[in-house]
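# Reading the structure
So you can see what is in the structure, the chains are spelled out below.
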Number of protein chains: 2
Amino acid sequence: MYTIGQVSEMFHLPISTLRYYDKEGLFPDMQRQSGIRRFSDREIEALRVIECLKASGLEIKDIKQFMAWCSEGAATYSLRKELFETRRKAVEAEMKELQKTLDMINFKCWYYEKALADGSEENIIEMLPDKLPPAIQKYYDNAHK
Amino acid sequence: MYTIGQVSEMFHLPISTLRYYDKEGLFPDMQRQSGIRRFSDREIEALRVIECLKASGLEIKDIKQFMAWCSEGAATYSLRKELFETRRKAVEAEMKELQKTLDMINFKCWYYEKALADGSEENIIEMLPDKLPPAIQKYYDNAHK
DNA sequence: GTAATACCTAAACCTGACTTTAGGTCAAGT
DNA sequence: ACTTGACCTAAAGTCAGGTTTAGGTATTAC
């Protein structure tokens, strides 16, 4: 059992954020002792899942829905499983997007390195798109698909 | 040369967003013809870079700074290069975060699949953390590091 | 000539996720 | 007794990144 201050330190989250999560219904079963929140292992695990779902791009109101399902027991296993499968697809898509972004960034890093060495961008434009170093080719392709 | 409507279709961005970007200074050199914006190749390329920098997590006001550097010519090559190198680090970090998130999601998918097969979560808790299927082990480790 | 389109601006509005403020309770230490 | 520290609430404020609204111009289509 932990106080809000302890949980705040454990997760490096402001107390105000924990209270906000609680107000939004993310800890539907949290107990209180004369008004004071008691975070049990259940809430600690919930918080880990909250961070995961948030990082996957899920909104607070949908995390609330998930937490409500958790309170409902075995009847919602398949809903919960489907939610995580949808999250998996979303995260995989996001990672692909980020890989494309990284490709373009790498191209730009190469580009400015060349511009710095040349003192101008002129000849870089000229050498595109056929004379690119092979390692840079895909970044260019990606950036100009 | 394109009108705002054509660019809107090319990039699948609302016209209001393009005007907002312009207002925020993201197209510092855009020309107008009797009040109407003319998007040249320069602005089209700028828009590609804007999408890249946005996807990398950069804020609009910092993208504006970058676009201003582009207008200043060769004197800012190294600033621009450093910006992209910083973006590379940020994106790489974000991808690592997303991989951890994905690991936990995969664990949860496995968990609910097992819960559904068993009809209860009881025995799953019991079989943790030593008897996990090897393919799932790292997801659990990650989720409970 | 008038109606439909496509463009324009300034300013207000919106959303999600918090954070801050203002005021209050309660237990422990001095 | 009284101050300190950790907790509490409701409500207002903040911020980024847009979107919507209200009113206007300019060109083409009939």
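Residues numbered from 1 in each chain as written. Chains lettered and ligands numbered in written order. Predicted model: local features only at pLDDT ≥ 70, side-chain atom pairs only at ≥ 80, totals over all residues. Heavy atoms only, no water.

With that settled, the discussion passes to the nonpolar core. It is characteristic of soluble globular proteins that their nonpolar side chains tend to be buried jointly. Among the nonpolar cores identified, the biggest contains 78 residues, and A:L47, A:F66, B:L47 and B:F66 are the most heavily contacted of them. Setting aside anything within four residues of it in sequence, one finds A:F66 in contact with A:V49, A:L53, A:R80, A:L83, A:F84 and B:Y112. (Core = buried A, V, L, I, M, F, W, Y, C linked by side-chain atoms within 4.5 Å. Buried < 20%, exposed > 50% of the residue type's maximum accessible area, 1.4 Å probe, protein only. Contact = heavy atoms within 4.5 Å.)

Enumeration according to the criterion identifies 16 aromatic pairs over all chains in this entry. When the ring of A:F84 is compared with that of B:Y112, the centres are 5.9 Å apart and the planes differ by 20°; the resulting orientation is stacked. Of this pair, A:F84 sits in helix α5 (residues 77–118) while B:Y112 sits in helix α5 (residues 77–118), on two different chains. The same class applies to A:F84 as to B:Y112, namely buried. Here the aromatic rings of B:Y20 and B:Y21 are separated by 6.0 Å at their centres, their planes lie at 45°, and the arrangement is tilted. Taken together, the ring pairs connect A:F66, A:Y77, A:F84, B:F107, B:W110, B:Y111 and B:Y112 into an aromatic cluster. The ring of A:Y111 carries the charged tip of A:K108 above its face, separated from the ring centre by 5.5 Å. (Phe/Tyr/Trp six-rings, centres within 6.5 Å; stacked < 30°, edge-to-face > 60°. Helix = DSSP H or I, 4+ residues; strand = E, 2+ residues; numbered from the N terminus. Lys NZ or Arg CZ within 6 Å of the ring centre and 35° of its normal.)

Right, let's talk about the protein's contact with DNA strand C for a bit. In the vicinity of DNA strand C, 17 residues are found, and the nearest of them are A:T17, B:T3, B:R19, B:R32 and B:R37. Near-protein atoms of DNA strand C (within 4 Å) split between backbone and bases, with sugar and phosphate holding 79%. B:T3 places a polar side-chain atom, nitrogen or oxygen, 2.9 Å from a phosphate oxygen of DNA strand C. For the surface near DNA strand C, the elements supplying multiple residues, two or more each, are α2 (15–23) of chain A together with α1 (4–11), α2 (15–23) and β2 (36–38) of chain B. (Near = heavy atom within 4 Å. Polar contact = N/O pair within 3.5 Å; in protein donor to acceptor, adjacent residues only side chain to side chain.)

Looking now at the packing of helix α3 (residues 41–55) of chain A against α5(B). Axis separation between α3(A) and α5(B) bottoms out at 9 Å; the angle between their running directions is 120°. Regarding the angle of α3(A) to α5(B), the classification is oblique. Of the two possible hands of crossing, α3(A) and α5(B) adopt the one that is left-handed. Only B:L98, B:T101, B:M104, B:I105 and B:K108 of α5(B) make contact with α3(A), whose side of the interface consists of A:E45, A:R48, A:V49, A:C52 and A:A55. (Axes fitted to C-alpha atoms, helices over the stretch in contact; angles between N-to-C directions. Parallel < 35°, antiparallel > 145°, perpendicular 65-115°, else oblique. Left-handed = near helix turned anticlockwise from the far one by under 90°.)

For the pair chain A and chain B, the relating rotation is 180°, the translation along its axis is 0.0 Å, and the fit reaches an RMSD of 0.1 Å. Classification of the inter-copy transformation places it as that of a two-fold axis. Every residue of chain A has its C-alpha some distance from the rotation axis, and the shortest such distance is that of A:M95, at 3.2 Å. Both copies contact each other with a shared surface, as 100% of the interface residues of chain A are interface residues in chain B too. (Least-squares fit on C-alpha atoms with pLDDT ≥ 70 in both.)

Attention now moves to the protein's contact with DNA strand D. Near DNA strand D lie 17 residues; those nearest to it are A:T3, A:R19, A:R32, A:R37 and B:T17. When the atoms of DNA strand D within 4 Å of the protein are sorted by group, sugar and phosphate make up 79%. Residue A:R37 places a side-chain N or O atom 2.7 Å away from a phosphate oxygen belonging to DNA strand D. Sorting the residues of the surface near DNA strand D by element identifies α1 (4–11), α2 and β2 (36–38) of chain A together with α2 of chain B as the ones contributing at least two each. Element by element, the count of residues in the surface near DNA strand D is highest for α2(B), at four residues. Among the residues making up the surface near DNA strand D, the classes are represented as seven nonpolar, five polar and five charged. (Nonpolar A, V, L, I, M, F, W, Y, C, P; charged D, E, K, R; others polar.)

On to the packing of helix α3 (residues 41–55) of chain B against helix α4 (residues 60–72) of chain B. Residues and elements named next belong to chain B. Between α3 and α4, whose axes approach to 10 Å, the crossing angle comes to 140°. Our classification of the angle between α3 and α4 gives oblique. The crossing of α3 and α4 is right-handed. Contacts from A46, V49, I50, L53 and K54 of α3 reach α4 at I60, I63, F66 and M67. Here the contact of α3 with α4 is composed, by residue class, of eight nonpolar, no polar and one charged.

Further remarks concern the pattern of salt bridges. Under the definition given, this model contains 18 salt bridges over all chains. Put simply, B:E45 and B:R48 hold a salt bridge, and the shortest N to O gap is 3.2 Å. Of this pair, B:E45 and B:R48 are both found in helix α3, three residues apart, which corresponds to roughly one turn of the helix. As a salt-bridge pair, B:K114 and B:D118 come within 3.2 Å of each other at their nearest N and O atoms. Here B:K114 pairs with B:D118, and both are found in helix α5, just four residues apart, close to one helical turn. According to the relative accessible area criterion, B:D118 is partly exposed, its value standing at 36%. Among the charged side chains, a network of salt bridges with common partners joins A:D22, A:R32 and A:R37. (Salt bridge = Lys/Arg side-chain N within 4 Å of Asp/Glu carboxyl O.)

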